[in-house]
Amino acid sequence: MIVTDSRPVTFRDVFAVAEFRVLFGSYSVFMIGETVKMLALSVLIYERTGSGLLAALAYVTGFLPHAVGGVFLLALADRWPPRLLIVGYDLFRLATVVVLALGVLSPAAMLGLVAVVGLLAPVSSAARSALLPEVLQGDAYVLGRSVLTIAAGGTQVAGFALGGLLLGLVGPYGALWLTAATCLLAALLARVGLAPRAPRVGGATGSAVTGNAIGETWRVNRALLADRRVRGLLLAQWIPGSLLVGAEGVAVPYAAGLDAEASAGILLMAAAFGMLVGDLLVGRFVAPARREALTPWLALLLGVPMLAFVTRPGLWSAAALLTIATAGFSYQLGLARRFLDAVPESRRGQAFGLLGTGLMAVQGLAAAAGGALTELVTPGIVMALAGVASLAATVTLWRILAPPPATVEAGILP
């Protein structure tokens, strides 16, 4: 483990920790596999049904049940050993992808199977997120979280590129078989490289594994939300950035309204690039106390550039504005340590799961609202309104986003 706040933590420091390398590698393989699977399944469903709606559902079905799993099953993230959860979920994914690749299911059954996998996804994700601060301590945890965020964006781009290549070479079924291989590799990496740990609730005996997980999930979620500090930090991480997804969700109609050569892909890549650069610069090159102090100002950066969309900027100007705006997502790094300190260690897995579930829910609502608004106003106005909403949320949550005065004066982390 790394315990250091006396000097800036470097990428070399975090990658020097063997278990972090395993977490990074298994997560990257996981993300590539999931991206290829979604793309292959969407193409396969469309080929078999000719339905654009079903193809779209195939693309998002794995994520839609995430909120349901987050509401009912998150207690398992603290009641079962983390390595068991991570490896078990990867093996479950392996089994389901093999069934999909065999081609024995109807399109409806395929969608149902993927939905079941998505239902369990938040438990595995919460176990991985809660394991990170046990592997990396101090500011190394913040940089490690930044690295995993960068990996998520980078591997999704790689997954789309690989998926497109595989679909051309071996077709959707072949792509699914190769996805199965990534599931097995991710499971092996986690099983061999992660140390065994007892559940956070129930200790080595695992006695807390039994009982009503659904009831406990509800009870602990209510307790977390009833804590004023935890609730405030959850809202601060959920709302300002998620509102910007309403703008990203109308990138396609915005690009279509520019000219025949405009591409929504350029806008979406610009948004992803801004997030990666923001996390890289703020996570690696900004000192911990300065990062904390910059948190509300970085959150403001999410909304300010979006106001320019009322002028309907051209493709490359719009891409530049999105790059600058999404760099503001790095504000969440300034809240990482505060959130970790605010939640009980024994419920760390469920707390991180609740954070992820809320993010997906708010982002989904923002995207739906943005799409609905395009029926009333132009996409450019919708994107500007998303910026206004993000700015309003940031101003409302300013006292939570800003670090405690004592922290800034002392130049230390809370």
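Along each chain, numbering runs from 1 in the same order as the chain's sequence is written. The predicted nature of this model means local features are confined to residues of pLDDT at least 70 and side-chain atom pairs, given and counted, to a pLDDT of 80 or more, with totals for whole chains, interfaces and linings taken over all residues. The side-chain figures draw on all heavy atoms in the structure; neither hydrogens nor water molecules are used.

Participant: Any chance you could break down the overall build of the protein chain for me, citing the residues and the numbers?
Facilitator: The helix and strand inventory of the protein chain stands at 20 helices and zero strands. With a 1.4 Å probe rolled over the protein chains alone, any residue whose accessible area is under 20% of its type maximum counts as buried; one over 50% counts as exposed, and the rest are partly exposed. The 414 residues of the protein chain split such that 52% are buried. Numbering goes from the N terminus for both helices and strands, where a helix is a DSSP run of H or I of at least four residues and a strand is a run of E of at least two.

Participant: Give me the lowdown on the environment of alanine 367, citing residues and values where you can.
Facilitator: Following the sequence through the fold, alanine 367 ends up in helix α17 (residues 348-373). Along the sequence, alanine 367 and leucine 244 sit 123 residues apart, while their C-alpha atoms lie 8.6 Å from each other. Contacts are residue-level and defined by heavy atoms, with any inter-residue pair within 4.5 Å sufficient. Setting aside its immediate chain neighbours within four residues, alanine 367 contacts Val245 and Gly246.

Participant: Give me the confidence of the model for the protein chain: which residues, what numbers.
Facilitator: What pLDDT conveys is the predictor's confidence in a given residue, as a value from 0 to 100. Considering every residue of the protein chain, the mean pLDDT works out to 83; 87% of them sit at 70 or more. Within the protein chain, no element has a lower average pLDDT than helix α20 (residues 405-410), which sits at 51, and none a higher one than helix α19 (residues 398-401), at 95. Across residues 204-210, confidence stays below pLDDT 50; counting only partners more than four residues off in sequence or on other chains, it has nine contacts.

Participant: Before we move on, can you summarise the packing of aromatic side chains with the specific residues and values?
Facilitator: Only rings of Phe, Tyr and Trp enter the pairing, Trp through its six-membered ring, and a pair is recorded when the two centres are within 6.5 Å. The plane angle decides the type: under 30 degrees is stacked, over 60 is edge-to-face, the rest tilted. Inspection of every chain in the model, using the stated rule, returns seven aromatic pairs. An angle of 85° between the planes, with centres 5.2 Å apart, marks the rings of phenylalanine 15 and phenylalanine 24 as edge-to-face. Taking relative accessible area as the criterion, phenylalanine 24 reaches 25% and is therefore assigned partly exposed. Considering the side-chain rings of tyrosine 27 and phenylalanine 30, the 6.3 Å spacing of their centres and the 25° angle between planes classify their relative orientation as stacked.

Participant: Account for the pattern of salt bridges, with residues named and values stated.
Facilitator: Note on definitions: salt bridges are taken to be side-chain nitrogens of Lys or Arg within 4 Å of carboxyl oxygens of Asp or Glu. Scanning the entire structure with this criterion turns up seven salt bridges. Glutamate 19 is the partner of arginine 197 in a salt bridge, and the nearest nitrogen-oxygen pair spans 2.9 Å. Pair noted here: arginine 197 is in the loop between α8 (139-193) and α9 (213-226) and glutamate 19 is in helix α2 (residues 18-49), with a separation of 178 residues, a long-range link. Note on accessibility: arginine 197 and glutamate 19 belong to one class, buried. Measuring nitrogen to oxygen at the nearest pair gives 2.8 Å for the salt bridge that ties arginine 338 to glutamate 292. With arginine 338 in helix α16 (residues 333-342) and glutamate 292 in helix α14 (residues 288-303), the pair connects residues that are 46 residues apart, well separated along the chain. Since its relative accessible area comes to 2%, glutamate 292 is described here as buried. Counted as one network, the salt bridges with shared partners bring together Glu34, Lys37, Asp90 and Arg93.

Participant: Mind laying out the packing of α9 against helix α10 (residues 228-243), listing which residues take part and the relevant values?
Facilitator: Angles run from 0 to 180 degrees between N-to-C directions of axes, and those axes are lines fitted to C-alpha atoms, restricted for helices to the stretch in contact. For the pair α9 and α10, the least separation of the axes is 5 Å and the interaxial angle reads 90°. By the criterion of interaxial angle, the relationship of α9 to α10 is roughly perpendicular. Each of Leu224, Leu225 and Ala226 in α9 lies in contact with α10, whose residues at this interface are Arg228, Val230, Arg231, Leu234 and Trp238. Its residues placed into classes, the contact of α9 with α10 shows six nonpolar, no polar and two charged. Orientation categories follow fixed angle ranges, with anything under 35 degrees roughly parallel, anything over 145 roughly antiparallel, 65 to 115 roughly perpendicular, and all other angles oblique. Residues are grouped as follows: Ala, Val, Leu, Ile, Met, Phe, Trp, Tyr, Cys and Pro are nonpolar; Asp, Glu, Lys and Arg are charged; every other residue, Gly included, is polar.

Participant: Go over the side chain of serine 146 with me, naming the residues and quoting the values.
Facilitator: Along the chain, serine 146 falls in helix α8. In protein, a polar contact means a hydrogen-donor-capable atom and an acceptor-capable atom, both N or O and within 3.5 Å, with residues adjacent in sequence counting only if both atoms are side-chain atoms; elsewhere, any N or O pair within 3.5 Å suffices. At a separation of 2.8 Å, a polar atom in the side chain of serine 146 contacts the main-chain carbonyl oxygen of aspartate 279. Excluding residues within four positions of it along the chain, serine 146 makes contact with Asp279, Leu280, Gly283 and Leu333.

Participant: Now, about the environment of leucine 105: what can you tell me, with residues and values included?
Facilitator: Within the secondary structure layout, leucine 105 lies in the loop between α6 (82-102) and α7 (107-135). A relative accessible area of 22% means that leucine 105 is categorised as partly exposed. In this structure, leucine 105 is in contact with Arg48, Val99, Leu100, Met110 and Leu113, ignoring residues within four places of it in sequence.

Participant: Provide a residue-level description of unusual backbone geometry, including the pertinent values.
Facilitator: A positive phi angle is found at arginine 312, which is not glycine, with a value near 55°. Among the secondary structure elements, arginine 312 is positioned in the loop between α14 and α15 (315-327).

Participant: Could you give an account of α16, with specific residues and numbers?
Facilitator: Most of α16 is tucked away: nine of the 10 residues are buried. Every buried residue of α16 is accounted for by Leu333, Gly334, Leu335, Ala336, Arg337, Arg338, Phe339, Leu340 and Ala342.

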